[in-house]
Amino acid sequence: MQRIRHYILTILLATIGGHTPIVAQEHIESMDLDALYQQIDEAISHSAKYVAAREQQIGQVRRSFLTESDPEKRLEQAGQLFSLFKPYKNDSALHYAEVCINLADTLHRQDLIGLYRARLARLCSNTDLYVEALEQLRMINKTALDNKGLTAYYEAWMHVCGQIGSLSQRSHVRQRYYDMQDLYRDSVLMVAEKGSEEYLHLKMDILCARQQFQEALRVSDNWLNTVSDGTHENAFAAFYRSVVYDRLNNQKMLRYWLGKSALDDIKCAVMDQASLIMLAEHLSKDGDYDRAYRYVCAGRKFNLTYCPTLRQYQFNSTLNVIEGNYQESLTQKQRLTIYAIAVTVLLLIAVSAILFLLRRHPKK
């Protein structure tokens, strides 16, 4: 759910100031939402196949890790396992982050110890473990980090400060953490590689906040050109394109890019799923209650796989609204069915009565 939270913060930031009406240039007519929804329906029905593919990949790397004796190769393989589990199962990703820290320690690699402590902190922050996140970040020797490590370090600080700020009930504490979040965001942009995921999504956040939507779309174009279709990376880029269209109030393109993001993540067996839940909310507003209910239920199932101890409460409000709409829709359909049956019965009775009268009083 990290993207849901970040999305909300992005929209709150972006809504400061007036709205500038800009029409985004894109071939809207080529975006077939019905066809996209059908692809999502099919992907959800085959989600077990995509999970099996990820599990197979994990199994191959894990077997190599367990049989490898060279510490450097073991560290590399543990890092691969961390990356495979990161969007899939949070508890396993936490485990392999700690494995990486221990292996890096045996190799006296302070840079890698810091990198994986930062990654561990980011995972903790993403699942409400803020004390653990701060503990890990304060143990990092910042001077030993390279640019990749610094990016992970500042990004983890940025995220945890934003989360603590959003949860605080005291205005001065909230503002202090938001100010720290802004400072760490600036630090990320200073050290992150210009074309990296960490750099691009923050750049788009800032452009949307400044209402520079056409420039944000240009950055999005470049981003999408650097990632492969059908990947988790493409899903993340598509999600941020949907944020721009949300600010432009382009409802069709918002739904298209949310749907594209959800579809790619389902096919990659990504369980940290935000786009599908958001799409379900929009479909519910459209009156497509059946599909909205299916999507929010699937999204809940995916996210509970990602983090079963924390995800249930995060879906209750959204699920209750959509489920309420769905049940109301079913009730209306049942009412219409009853009315249709009643009308049909009355028509049959009327026809039978007419036929009966005609038989008793035939024309002479």
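For the structure, check the block above.
Criteria and cut-off values
Residues numbered from 1 in each chain as written. Predicted model: local features only at pLDDT ≥ 70, side-chain atom pairs only at ≥ 80, totals over all residues. Heavy atoms only, no water. Helix = DSSP H or I, 4+ residues; strand = E, 2+ residues; numbered from the N terminus. Buried < 20%, exposed > 50% of the residue type's maximum accessible area, 1.4 Å probe, protein only. Contact = heavy atoms within 4.5 Å. Core = buried A, V, L, I, M, F, W, Y, C linked by side-chain atoms within 4.5 Å. 1 Å grid on protein atoms, 1.4 Å probe; cavity = no way out; pocket = protein on both sides within 12 Å on 5 of 7 lines; lining within 4 Å. Points joined across faces, edges and corners; volume = space filled by probe spheres on them. Axes fitted to C-alpha atoms, helices over the stretch in contact; angles between N-to-C directions. Parallel < 35°, antiparallel > 145°, perpendicular 65-115°, else oblique. Left-handed = near helix turned anticlockwise from the far one by under 90°. Nonpolar A, V, L, I, M, F, W, Y, C, P; charged D, E, K, R; others polar. Salt bridge = Lys/Arg side-chain N within 4 Å of Asp/Glu carboxyl O.

### Describing the overall build of the protein
- Across its full length, the protein carries 16 helices and zero strands.
- The proportion of buried residues among the 364 residues of the protein is 49%.
- Within the protein, counting contacts between residues at least 6 apart in sequence, those at least 24 apart form 65% of the total.

### Description of the nonpolar core
- I40 and V160 are the most contacted members of the largest nonpolar core, which totals 103 residues.
- Ignoring anything within four residues of it in the chain, the contact list for I40 reads G259, L263, I266, L276, L279 and Y295.

### Digging into the layout of surface pockets
- As a volume, the largest pocket reaches approximately 1200 Å³.
- If you go around the largest pocket, you meet 37 residues; those closest to its centre are K86, R119, E197, E198 and F236.
- The element best represented in the lining of the largest pocket is helix 8 (residues 147-167), accounting for seven residues.

### Looking at the packing of helix 2 (residues 33-45) against helix 15 (residues 289-306)
- For the pair helix 2 and helix 15, the least separation of the axes is 11 Å and the interaxial angle reads 40 degrees. In terms of axis orientation, helix 2 runs oblique to helix 15. Crossing hand, helix 2 versus helix 15: left-handed. Across the interface between the two elements, Y37, I40, D41 and I44 of helix 2 pack against R291, R294, Y295 and A298 of helix 15.
- Here the contact of helix 2 with helix 15 is composed, by residue class, of five nonpolar, no polar and three charged.

### Here we look at unusual backbone geometry
- The backbone of N249 sits at a positive phi, close to 60 degrees, despite the residue not being glycine.
- With respect to the helices and strands, the residue N249 is situated in the loop between helix 12 (232-247) and helix 13 (251-267).
- Taking the relative accessible area as the measure of exposure, N249 reaches 55% and is therefore exposed.
- Positive phi values are uncommon outside glycine, yet A269 reaches one of about 55 degrees.
- By secondary structure assignment, the location of A269 is in the loop between helix 13 and helix 14 (275-286).

### Considering the pattern of salt bridges
- Considering all chains together, one arrives at twelve salt bridges under this definition.
- Here R185 and D182 are joined by a salt bridge, their closest N and O atoms 2.7 Å apart. A residue pair is termed a helical-turn pair when its members lie 3 or 4 positions apart in one helix, as R185 and D182 do in helix 9 (residues 171-191) at three residues.
- Taking the relative accessible area as the measure of exposure, R185 reaches 13% and is therefore buried.
- Residue classification places D182 among the partly exposed residues on the basis of a relative accessible area of 35%.
- R255 is paired through a salt bridge with D286; the nearest N and O atoms lie 2.8 Å apart.

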